[in-house]
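Listed below are the residues making up each chain.
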Amino acid sequence: MVAEVVTVVIAGIVAFPLYWMVLSALKPASEVQSANPRPWTFSPTFENFERVLDSAGFARYFLNSTIVAVVVVGLSLLLSFLSAVALTRFRFRGRTVLLVMLLVAQMVPVEALTIPLFFLMRSIGDVAPAFGLNELGSLVLVHLAFQLPLAIWMLRGFVAAVPIELEEAAKLDGASRFRFTWQILFPLVLPGLVAVSVLAFIHAWNDFLFAKTFIISKSENQTLPQAILVYFKPEENDWGAIMAGSTLMTIPVLIFFVLVQRRLVSGLSGAVKG
Amino acid sequence: MTATRHTTSAVPPPVRTPRRRRDGRAAALYLAPAAVLLLGMLAYPLYQLVLISFYDYGRAEAAGAAPLVFLGFDNYAELLESIKFWVVLAKTIGFATVCVVGSLLVGTTLAVLASRVRAVPRMLLFLAALGAWATPAMAGSYVWLFLFDADFGLVNEVLAGLGLQGMSDHSWTYGTYSAFGLVAMEVIWCSFPFVMVTMYAGIKGISEEVLESAALDGASWTRIATSVILPMLRPLLLIATIQSIIWDFKVFTQIYVMTNGGGVAGRNLVLNVYAYQEAFAGSQYGLGAAIGVVMTLILLSITGLYVRSQRQSVEL
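Residues numbered from 1 in each chain as written. Chains lettered and ligands numbered in written order. Predicted model: local features only at pLDDT ≥ 70, side-chain atom pairs only at ≥ 80, totals over all residues. Heavy atoms only, no water.

Re the overall build of chain A
Step number 1: A count of helical and extended segments in chain A gives 13 helices and zero strands.
Step number 2: Listed N to C, the secondary structure of chain A is α-α-α-α-α-α-α-α-α-α-α-α-α in terms of helices and strands.
Step number 3: When its C-alpha atoms are laid out on the principal axes, chain A stretches across 70 × 65 × 30 Å.
Step number 4: In chain A, buried positions account for 57% of the 274 residues.
Step number 5: In the structure as shown, chain A presents an accessible area of about 11,300 Å², 68% of it carried by carbon and sulfur atoms. (Helix = DSSP H or I, 4+ residues; strand = E, 2+ residues; numbered from the N terminus. Buried < 20%, exposed > 50% of the residue type's maximum accessible area, 1.4 Å probe, protein only. Areas by Shrake-Rupley, 256 points an atom, 1.4 Å probe, with all protein chains shown as cover.)

The structure is reproduced here in structure tokens:
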């Protein structure tokens, strides 16, 4: 019984910052910026949310973040699945070397690559404007590339877990390799795909560094993290707006997590077990 | 029709090479898109990073207005001679260590706890942890900053209410240690759930019989945890540790947001933020790249450990 109580108390502590974020977003400005904050409010209001949503371009930034995250999730699922199939099902020279390289690639501190990537994006902009500096395409490219090594590595375990007899049976029934891959293998590795999509979504949605570095002179292409930074000033923080913006930013990820929660846990543990 | 297919595909290939070659061609096709991206966005920039670190690469050079001057290892020499670099390196290691130890300790303890309690408290704990996990780094940084705000924060208010009057307008972000401590708490808060979920899955994988027989032999609860559960979790623990090291070494958003770009007079710089500031705020791209190379080398040597630990648990 003691353990149960302790668990509930700890759960409360862990959830408290989230509660405080939502509560402060719902408080009227006078209560948020109060020297005597209360752990509840008698007059909840949506004025902070309204102020944020009315402000210059917040909806636009939200849309930008969504576009980047959705495209990154979709493409990383497709590309990592194809690669994982090739690396588990096909026999070819250099397979082990590729796998080790993917493992090493996961550890490259991508933050350190900001400098060369900035110059690379500038050059890409001359050739393919949609993927250059100040464009959402540049964010899609980096997030996709940084997500792939982990995604492929995770999916590999799931693809390998599908018995080879199944493929032979499908072949005997006349299914082509292509059909087998998409109609049989793809649904079977769904838990892995869910885990991959969650990680890719969070990664792209949370990114602050690359958006800050690449989107410099075209503010309509900024993403959410930059939008909230606007309310953060050294002397006069608008905490109500910051908490409302943070809440709006957290909601999509929370929904995503709740939707896939069960599959995520099995997906992650499956990947960890290899 | 299927019958004819049967015979053609059921016949084993006479030699191994044609199958291998066909597989190789298909593999190349399947791998091509990922390979192009990884070479272009990871391998090539990595090569460029090393290259830039050997040049005097400033604002004029970046704009193409001045010719590049090759410096060799001068940027590295400048770095290694500066006290600031060593201080930042030490702070990075210290900060990452606190975050790693903290999230492993909290995550593992709570995983063990979760495995011992009934379903409802466990579900509450998992929901709370998933919430912390899902919170974007930016949003998490702001909430923690707000909780510890000098004027409007709940923490100071509560501390003052408990009789610590001096705390009523205490600035947590001013001092080096308290600012790092605050960021570390946020990092641990959002990264322990991964450890917890991983370890919980591992504990669930241990059969009940093993635990029961240990209990029958008269082992205490703590004894079972330290002598039975922990050793069986060692492979998972190793992976979680190295993953945490790699994450916490690279924390950027939290430090940048919570200490406003590295703290008062750069007191809260870590290698990541330091490299960014040198390059983009100070227009010293060459020096920034050198810091990036040092960081890459540190992390890749940790990778060596990771690959070795994976080799034991995963068949390549």
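Here's the deal with the nonpolar core
Step number 1: Grouped together as the largest cluster of nonpolar side chains are 200 residues, with contacts concentrated most on Leu117 of chain A together with Met41 and Phe95 of chain B.
Step number 2: Element by element, the count of residues in this core is highest for helix 7 (residues 136-161) of chain A, at 16 residues.
Step number 3: In contact with Met41 of chain B, not counting residues within four places along its chain, are Leu113, Leu117, Leu120, Met121, Ile124, Leu141, Val142, Ala145 and Phe146 of chain A. (Core = buried A, V, L, I, M, F, W, Y, C linked by side-chain atoms within 4.5 Å. Contact = heavy atoms within 4.5 Å.)

Remarks on the packing of helix 6 (residues 114-127) of chain A against helix 13 (residues 271-281) of chain B
Each pair of packed helices can be described by the angle between their axes along with the distance between the axes.
Step number 1: At a minimum axis distance of 10 Å, the contact between helix 6 of chain A and helix 13 of chain B shows a crossing angle of 35°. In this structure, helix 6 of chain A contributes Thr114, Ile115 and Phe118 of chain A to the contact, and helix 13 of chain B contributes Ala275, Ala279 and Phe280 of chain B.
Step number 2: Class assignment of the residues belonging to the contact of helix 6 of chain A with helix 13 of chain B gives a composition of five nonpolar, one polar and no charged. (Axes fitted to C-alpha atoms, helices over the stretch in contact; angles between N-to-C directions. Nonpolar A, V, L, I, M, F, W, Y, C, P; charged D, E, K, R; others polar.)

Observations regarding the interface of chain B and chain A
Step number 1: Counting residues at the interface gives 92 residues for chain B and 100 residues for chain A.
Step number 2: Both faces considered, chain B and chain A share a buried interface measuring about 8,600 Å² in area, 77% of it formed by carbon and sulfur atoms.
Step number 3: Among the residues of chain B in contact with chain A, Tyr30, Met41 and Tyr142 of chain B are the three that bury the most area, contributing 9% of the side total.
Step number 4: Among the ionic pairs, Glu4 of chain A bridges to Arg118 of chain B, the shortest N-O distance being 3.3 Å.
Step number 5: At the boundary of chain B and chain A, one finds four residue pairs in polar contact (both at pLDDT 80 or more).
Step number 6: Considering every element that reaches the side of chain B that touches chain A, the biggest residue donor is helix 2 (residues 16-52) of chain B, with 21 residues.
Step number 7: Tallied by class, the residues present in the side of chain B that touches chain A amount to 64 nonpolar, 18 polar and ten charged. (Buried area = accessible area lost by both parts, 1.4 Å probe. Salt bridge = Lys/Arg side-chain N within 4 Å of Asp/Glu carboxyl O. Polar contact = N/O pair within 3.5 Å; in protein donor to acceptor, adjacent residues only side chain to side chain.)

Digging into the UniProt feature "transmembrane region" (unreviewed entry) in chain B
Step number 1: Per the UniProt record, the feature "transmembrane region" (unreviewed entry) sits at residues 26-47, 85-112, 124-147, 177-203, 224-246 and 285-307 of chain B.
Step number 2: This span, residues 177-203 of chain B, is 100% helix and 0% strand, and a straight line between its end C-alpha atoms measures 35 Å. (UniProt positions renumbered as here; feature names shortened; annotations may be inferred.)

Examining the packing of helix 4 (residues 58-89) of chain A against helix 10 (residues 190-206) of chain A
All names here are of chain A.
Step number 1: Between helix 4 and helix 10, whose axes approach to 8 Å, the crossing angle comes to 145°. For the pair helix 4 and helix 10, the sense of crossing is right-handed. Contact residues: helix 4 offers Phe62, Ser65, Thr66, Val68, Ala69, Val72, Val73, Ser76, Leu77, Ser80 and Phe81, while helix 10 offers Leu193, Val196, Ser197, Ala200, Phe201, Ala204 and Trp205.
Step number 2: Of the residues belonging to the contact of helix 4 with helix 10, the class tally is 13 nonpolar, five polar and no charged. (Left-handed = near helix turned anticlockwise from the far one by under 90°.)

As for the pattern of salt bridges
All names here are of chain A.
Step number 1: Evaluation of the coordinates by the stated rule reveals five salt bridges over all chains.
Step number 2: Arg51 is the salt-bridge partner of Asp238, the closest N and O atoms lying 2.8 Å from each other. Taken as a pair, Asp238 in the loop between helix 12 (224-229) and helix 13 (239-273) and Arg51 in helix 3 (residues 47-54) lie far apart in primary sequence, 187 residues in all.
Step number 3: Taking relative accessible area as the criterion, Arg51 reaches 31% and is therefore assigned partly exposed.
Step number 4: The shortest N-O distance in the salt bridge between Glu135 and Lys218 comes to 2.6 Å. Within this pair, whereas Glu135 is found in the loop between helix 6 and helix 7, its partner Lys218 is found in the loop between helix 11 (209-214) and helix 12, the two being separated by 83 residues in sequence.

Quick notes on the packing of aromatic side chains
Step number 1: For the structure shown, the criterion picks out 42 aromatic pairs over all chains.
Step number 2: When the ring of Phe118 of chain A is compared with that of Phe280 of chain B, the centres are 5.5 Å apart and the planes differ by 80°; the resulting orientation is edge-to-face. One end of the pair, Phe118 of chain A, is in helix 6; the other, Phe280 of chain B, is in helix 13, on a second chain.
Step number 3: On the basis of an interplanar angle of 70° and a centroid distance of 5.5 Å, the ring pair of Phe252 of chain B and Tyr276 of chain B is categorised as edge-to-face. Here Tyr276 of chain B lies in helix 13 and Phe252 of chain B lies in the loop between helix 11 (221-249) and helix 12 (253-258), a separation of 24 residues in the sequence.
Step number 4: Residue classification places Phe252 of chain B among the buried positions, given a relative accessible area of 5%.
Step number 5: An aromatic cluster of at least three residues, connected via ring pairs, comprises Phe118, Phe119 and Phe208 of chain A together with Tyr57, Phe252, Tyr256, Tyr276, Phe280 and Tyr285 of chain B.
Step number 6: The lysine or arginine in question, Arg156 of chain A, covers the ring of Trp153 of chain A, its NZ or CZ lying 4.8 Å from the ring centre.
Step number 7: In this structure, Arg267 of chain B is placed above the aromatic ring of Tyr174 of chain B, and the distance from its NZ or CZ to the ring centre is 4.7 Å. (Phe/Tyr/Trp six-rings, centres within 6.5 Å; stacked < 30°, edge-to-face > 60°. Lys NZ or Arg CZ within 6 Å of the ring centre and 35° of its normal.)

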